[in-house]
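So the chains spell out like this:
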Amino acid sequence: MGKSWADDMILSYNDVVLRRSDLDILSGPHFLNDRLIEFYFSYLTSCYPSPDISLVPPSIAFWIMNCPDTGSLRDFIEPLKLSEKKLVIFPINNNDDVEQAEGGTHWSLLAFEENANVFVHHDSCGGLNEAHARKLYKAVVGFMGNSNSSRAQYLECKDSPQQANCYDCGLYVAATAKAICCWYGSGQPGEGLWFSVVKEQLTSSVVADLRSEMLGLIRNLQ
């Protein structure tokens, strides 16, 4: 049986391949999949090129969170050089089935900032993913930051902007990642964290418009 029309490749950007079905997701009120999150993270990496920043793809974040063997985890994480980064952003998905690709029903974001030595969890649905964010934090915290510093703390951001529906969580992750990168790129890391920038930039209309912005971006890159 041949490939369906939805499987047609429409863009190869860095290491991310997007298909026509991904455009359909952006065209309607649908839950963003792994590929679209990875694409936007890759795009932000191009917009904010810095050896100090790492935007971790969803598949890697998921593997770190669910790796059952500490030795294998160390071998996997060390080439990523996360300990050398000042800012690391992880997408969090609540998929509990390691054998199910593209599973889960909710996205959130976990960000590590070295100067403050803290992981901050932003969840647009009232902390729905807190348990999953803490699971990733516990898996990765020993590999982050300066080896001479104390263990980084975990912080649940209680006033993260909230979604008004059941499908925009991925857009909130993308918009939050953009706001944090903007904050870091503006040279503000010595002036506290990014909370005010996130609240200012993540209005409901800005997040809603991000669907069409991503569509336009993909079409311009074709």
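Remember, predicted model here, so these are calculated numbers, not experimental data.

A. A look at the packing of aromatic side chains. Under the defined criterion, the tally for this structure stands at 10 aromatic pairs. Residues tyrosine 13 and phenylalanine 39 carry aromatic rings whose centres are separated by 5.4 Å and whose planes lie at 70° to one another, so their mutual orientation is edge-to-face. With tyrosine 13 in strand β1 (residues 9–13) and phenylalanine 39 in helix α2 (residues 34–47), this pair connects stretches of sequence that are 26 residues apart. A residue is classified by how much of its surface remains accessible, and tyrosine 13, at 14% relative accessible area, is buried. Pairing phenylalanine 112 with phenylalanine 119 gives two aromatic rings, centres 4.9 Å apart and planes at 45°, and the pair type is tilted.

B. Seen up close, the pattern of salt bridges. For the structure on display, the rule yields 5 salt bridges. Between lysine 86 and glutamate 114 there is a salt bridge, with the nearest N and O atoms lying 2.9 Å from each other. With lysine 86 in the loop between α4 (70–77) and β4 (87–93) and glutamate 114 in the loop between β5 (107–113) and β6 (118–122), the pair connects residues that are 28 residues apart, well separated along the chain. For lysine 86, a relative accessible area of 31% gives the class partly exposed. Note on glutamate 114: relative accessible area 17%, which makes it buried. In this structure, glutamate 130 engages arginine 134 in a salt bridge whose closest nitrogen and oxygen atoms are separated by 3.0 Å. With a gap of 4 residues between them, glutamate 130 and arginine 134 both fall in helix α5 (residues 130–140), about one helical turn apart. Judged by relative accessible area, which is 24%, glutamate 130 ranks as partly exposed. According to the relative accessible area criterion, arginine 134 is partly exposed, its value standing at 34%.

C. Summary view of the sheet that holds strand β7 (residues 153–156). One open sheet holds the 5 strands; their spatial order is β3-β4-β5-β6-β7, and the pairing between them is mixed. Each having just a single partner strand, β3 (53–55) and β7 make up the two edges of the open sheet. Averaged over all adjacent pairs, the angle separating strand axes in this sheet is 20°, with direction ignored. Where β3 and β4 come together, 3 bridges link them in parallel fashion. Pairing of leucine 55 across the sheet is with isoleucine 89, part of β4. Seen against the sheet, helix α6 (residues 169–185) touches β3, β4, β5 and β6 and runs at an angle of roughly 20° to β5.

D. Summary view of unusual backbone geometry. For asparagine 14, which is not glycine, the phi dihedral falls at a positive 55°. Its place among the elements puts asparagine 14 in the loop between β1 and β2 (16–19). The backbone phi angle of lysine 81 is positive, close to 55°, even though this residue is not glycine. Within the secondary structure layout, lysine 81 lies in the loop between α4 and β4. Relative accessible area serves as the criterion here: at 46%, lysine 81 is assigned to the partly exposed category.

E. A look at the pairing of β2. Residue alternation in β2 divides its side chains into a buried set, Val16 and Leu18, and an unburied set, Val17 and Arg19. Where β1 meets β2, 4 bridges bridge the pair, whose relative direction is antiparallel. When the bridges of β2 are listed, methionine 9 appears paired with arginine 19. Connecting the antiparallel pair β1 and β2 is a turn made up of 2 residues, with asparagine 14 showing a positive phi of about 55°.

Conventions adopted
- Residues numbered from 1 in each chain as written.
- Predicted model: local features only at pLDDT ≥ 70, side-chain atom pairs only at ≥ 80, totals over all residues.
- Heavy atoms only, no water.
- Phe/Tyr/Trp six-rings, centres within 6.5 Å; stacked < 30°, edge-to-face > 60°.
- Helix = DSSP H or I, 4+ residues; strand = E, 2+ residues; numbered from the N terminus.
- Buried < 20%, exposed > 50% of the residue type's maximum accessible area, 1.4 Å probe, protein only.
- Salt bridge = Lys/Arg side-chain N within 4 Å of Asp/Glu carboxyl O.
- Pairing = 2+ DSSP bridges.
- Axes fitted to C-alpha atoms, helices over the stretch in contact; angles between N-to-C directions.
- Contact = heavy atoms within 4.5 Å.

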